[in-house]
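What follows is the residue order along each chain.
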There are 2 protein chains.
Amino acid sequence: MTSSDELLVVGGGIGGLSAALSVAHTGRPVRVLERATEFGEIGAGLQLAPNATRVLDRLGLLERVIDAGVLPDRLVFGDALTGHELTRLEFEDFPRRYGAPYVVLHRSDLLDILVDACRERGVALETGKHVVEIENTTDHVVAHCQDGSRYRGGAAVGADGLRSGTRKMLSDDEPTQSGFVAYRGAIPVQDATRPAELTEVVIWIGPGLHFVQYPLRRGEIYNQVAVFRSPGYAAGRDDWGEPDELDEAFSVTCEHVREAKRSLWRDQHWSMHDREPLDNWLTGRTVLLGDAAHPMLQYLAQGACQAIEDAEVLARCLEQHDSPQWDKALRAYQEERIPRTAEIQRVARVWGDIWHVDGLAAMLRNEVFTQRRHDDHRHIEWLYGGT
Amino acid sequence: MTSSDELLVVGGGIGGLSAALSVAHTGRPVRVLERATEFGEIGAGLQLAPNATRVLDRLGLLERVIDAGVLPDRLVFGDALTGHELTRLEFEDFPRRYGAPYVVLHRSDLLDILVDACRERGVALETGKHVVEIENTTDHVVAHCQDGSRYRGGAAVGADGLRSGTRKMLSDDEPTQSGFVAYRGAIPVQDATRPAELTEVVIWIGPGLHFVQYPLRRGEIYNQVAVFRSPGYAAGRDDWGEPDELDEAFSVTCEHVREAKRSLWRDQHWSMHDREPLDNWLTGRTVLLGDAAHPMLQYLAQGACQAIEDAEVLARCLEQHDSPQWDKALRAYQEERIPRTAEIQRVARVWGDIWHVDGLAAMLRNEVFTQRRHDDHRHIEWLYGGT
């Protein structure tokens, strides 16, 4: 058993590693306890908006992130039924406006960059460490692992994702099933059945479905995600979300989307969850971060971005309060982060509803989108703005 | 029995009298057969958009219409729940842009003006003439009245309203019940509980309801209409639309609307109907006009306006084709009028749906309305524009 004033980070995903690296930058010792036998990420593509790339820039990682990914020119929303463009958001101006660019990259590429940076900064990275209990004492924490090992630290960060074990110390809530299913596919760009422009993030929206397309890894890989409301889930069936539902859901879409859908992986799919916002992330000296704290639906593409924001705020709060003041620092962290992430969890749900409306509401939605001036940033300023 | 080449107009409402007057202007003899014992109009307020006031101007009646009514400064849409303005349409520019002003006046005042003008033009005006059958022969029509009298004419116009008997010659369709109920009240302006600006037409819109306020008769009378979706109708009850439903429906609205609602008449109410568009208005030498041809929901305030448009087109078609060519003229009239009025019938339904949405769709609707530039006329150009 170690006996240090280390920060223990439970979970070595994007949130946990970002937190570890951010805190290590302040000079504190940090140890990451990852359950899996190696670091890895599920899914493929990841969108990083300027509120996250600003943080990565301050961590000295932006150049590596850009090198590993793609700097798209714009985000385009299209009508999945008609194939017509609804609105677009140009990214060219983002560095001037928001202090950093919009980047898309492979999740595993970002994870590799974070692992390397953590190593360079002296973060202790442990794999195969499944934390089954975190013991809060008056002045330290002890993480008990399934393999019998224990780690003592000054405080613990629960960054163990949607199905966080750490969160159980605070809440008996469960993930909220949205009833939507995602099919993904990240394939060599030359194998893509029907890519959109390789310089664009394209989101096709339609009744109860959407389809996302964008390039990864310097344009070598093409990433696509199809999401739809499962009729089987709505009907209470056990075998919901199977490929026949995918085909049926997308049969109404325009030719471009139907063609593009053909290159998705059909052997696996993911159901989409979030949770209700919590009003407390802290128990003793253990605090939540990332999806463990605020799992959100993907419609604002802010899951990873908010985990990265968490990481920076946590490090700043620890810096502003001396180590004996762990409690004060952790309270300051959650006081700053809970309102913002709760708002984003809520808005992400509404944003999904807006994408998926049908009939008259879709007509109104399309009117809102097509009438929007391309240089109107009012709906994203609150998300991407700041420092 | 008369034996002339007169045009017989069945129904002496706004549509019938406008048609009679327009045709009389071309020099043709016209006879109006009105079922009631005197000319009169149900309802109170009437909105005349420039597409109708342009016609009235060409008939030499615009000055009288303006003198009898009010020239409002603008139309304002408000959110019935919050009381906030959503958008506005300024009327100041209308004479330059559309060739005529927007006028609101009492229905009976417009009817009086039309009756007087018809008399001045030598139109034969008959009341107490309930036409029960129109006989089409090869070269004339005979209108048979319930009192046994018969009128022979060159052609007949069925302008007998929503529940038109003439229409039965062409279609066995029935009015479509919208399930919405209207309560009205036109009262001395000093008795109005809570008038809006006296220079405005104000339409408060909310979930399943709306409330209209505007002045009439040089500002002496204040006209209000409350419309709501009847829960009793939806439940299949016989006694639907009673005042308790009115009170319940409007209990959720802002204080201004709740206060204003207090001055409505509670002893009568109207259910709102339209019909599906017909693709033929003509049988023999009998043709439909106004509500008999294209009854529409009130959301575009175009019911009377379209009847007035019908009247002018009918007169023009009769002028362009000689009397022996009645058939040709009547066909030309319906070919011009059916597509336009069918489109307005359809759009009026959608427009009503847009006013009455709830939840997310209302949020989107409010976004569309509030984002609209006040000088953006794209959504009315097709309706008010033309010559």
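The preceding data block contains the structure.
Here's what I pulled together on the structure shown here. (Residues numbered from 1 in each chain as written. Chains lettered and ligands numbered in written order. Predicted model: local features only at pLDDT ≥ 70, side-chain atom pairs only at ≥ 80, totals over all residues. Heavy atoms only, no water.)

Concerning the interface of chain A and chain B
The parts lose accessible area when they come together, and the size of an interface is often stated as this lost area. At the junction of the two partners, chain A supplies 14 residues and chain B supplies 14 residues. In total, chain A and chain B occlude about 1,100 Å² of area from one another, counting both sides; carbon and sulfur atoms represent 78% of this. Inspection of the chain A/chain B interface yields 0 salt bridges. If you look at where chain A meets chain B, you find 4 residue pairs in polar contact (both at pLDDT 80 or more). Across the side of chain A that touches chain B, the residue classes break down as 8 nonpolar, 2 polar and 4 charged. (Contact = heavy atoms within 4.5 Å. Buried area = accessible area lost by both parts, 1.4 Å probe. Salt bridge = Lys/Arg side-chain N within 4 Å of Asp/Glu carboxyl O. Polar contact = N/O pair within 3.5 Å; in protein donor to acceptor, adjacent residues only side chain to side chain. Nonpolar A, V, L, I, M, F, W, Y, C, P; charged D, E, K, R; others polar.)

Considering the packing of aromatic side chains
Here the structure, examined in full by the defined rule, presents 36 aromatic pairs over all chains. Taking the centre distance of 5.4 Å and the plane angle of 75 degrees together, the rings of B:F77 and B:F369 count as edge-to-face. Pair noted here: B:F77 is in strand β5 (residues 74-79) and B:F369 is in helix α11 (residues 359-371), with a separation of 292 residues, a long-range link. Judged by relative accessible area, which is 8%, B:F77 ranks as buried. Taking 6.1 Å as the distance between ring centres and 70 degrees as the angle between the ring planes, the aromatic pair formed by B:F211 and B:F250 counts as edge-to-face. Placement of B:F211 in strand β15 (residues 209-216) and of B:F250 in helix α7 (residues 243-250) is noted, with a sequence separation of 39 residues between them. You'll find B:F211 and B:F250 in the same group, each marked buried. In this structure, A:R184 packs its charged tip against the face of A:W270, placed 4.5 Å from the ring centre. (Phe/Tyr/Trp six-rings, centres within 6.5 Å; stacked < 30°, edge-to-face > 60°. Helix = DSSP H or I, 4+ residues; strand = E, 2+ residues; numbered from the N terminus. Buried < 20%, exposed > 50% of the residue type's maximum accessible area, 1.4 Å probe, protein only. Lys NZ or Arg CZ within 6 Å of the ring centre and 35° of its normal.)

Let's talk about the sheet that holds strand β17 (residues 270-274) of chain A
One key point about sheets: their strands pair by backbone hydrogen bonds, in either a parallel or an antiparallel sense. All names here are of chain A. The strand order β6-β5-β14-β15-β16-β13-β17 describes an open sheet built from 7 strands, whose pairing is mixed. This sheet does not close on itself; its edge strands, each paired only once, are β6 (85-90) and β17. Neighbouring strand axes in the sheet, compared pairwise and without regard to direction, differ in orientation by 20 degrees on average. As judged from the 4 bridges shared by strand β13 (residues 176-188) and β17, these two strands associate in the antiparallel manner. Paired with T176 across the strands is D274, a residue of β17. Against the sheet, helix α11 (residues 359-371) makes contact with β5 (74-79), β6 and β14 (200-206), and its axis sits at roughly 40 degrees relative to β6, the strand it touches most. (Pairing = 2+ DSSP bridges. Axes fitted to C-alpha atoms, helices over the stretch in contact; angles between N-to-C directions.)

Some points on helix α10 (residues 326-356) of chain A
Taking 1.5 Å as the rise per residue, α10(A) with 31 residues should run 45 Å; its terminal C-alpha atoms sit 44 Å apart, in good agreement. Of all bends in α10(A), the biggest is about 30 degrees, found at A:R337, and the proline A:P339 comes one to four residues later. (Expected span 1.5 Å × (residues − 1). Bend = angle between axes of the 7 residues up to and from the residue.)

Quick word on the packing of helix α1 (residues 14-25) of chain A against helix α5 (residues 107-120) of chain A
A pair of packed helices can be characterised by two numbers: the angle between their axes and the separation between those axes. Residues and elements named next belong to chain A. In contact at an axis separation of 9 Å, α1 and α5 are set at 25 degrees when each is read in the N-to-C sense. When the axis of α1 is compared with that of α5, the two are roughly parallel. Here α1 runs over α5; the crossing is left-handed. Facing I14, L17, S18, A20 and L21 of α1, the residues of α5 in contact are R107, L110, L111, L114, V115, A117 and C118. (Parallel < 35°, antiparallel > 145°, perpendicular 65-115°, else oblique. Left-handed = near helix turned anticlockwise from the far one by under 90°.)

Observations regarding the sheet that holds strand β12 (residues 155-158) of chain A
Residues and elements named next belong to chain A. In spatial order, the strands read β8-β3-β2-β12-β19-β18; together these 6 strands make up an open sheet with mixed pairing. Only two strands of the sheet have a single partner each, and these edge strands are β8 (124-126) and β18 (282-283). Across 3 bridges, β12 lies against strand β19 (residues 286-288) in parallel orientation. Directly across from G158, in β19, lies its bridge partner L288.

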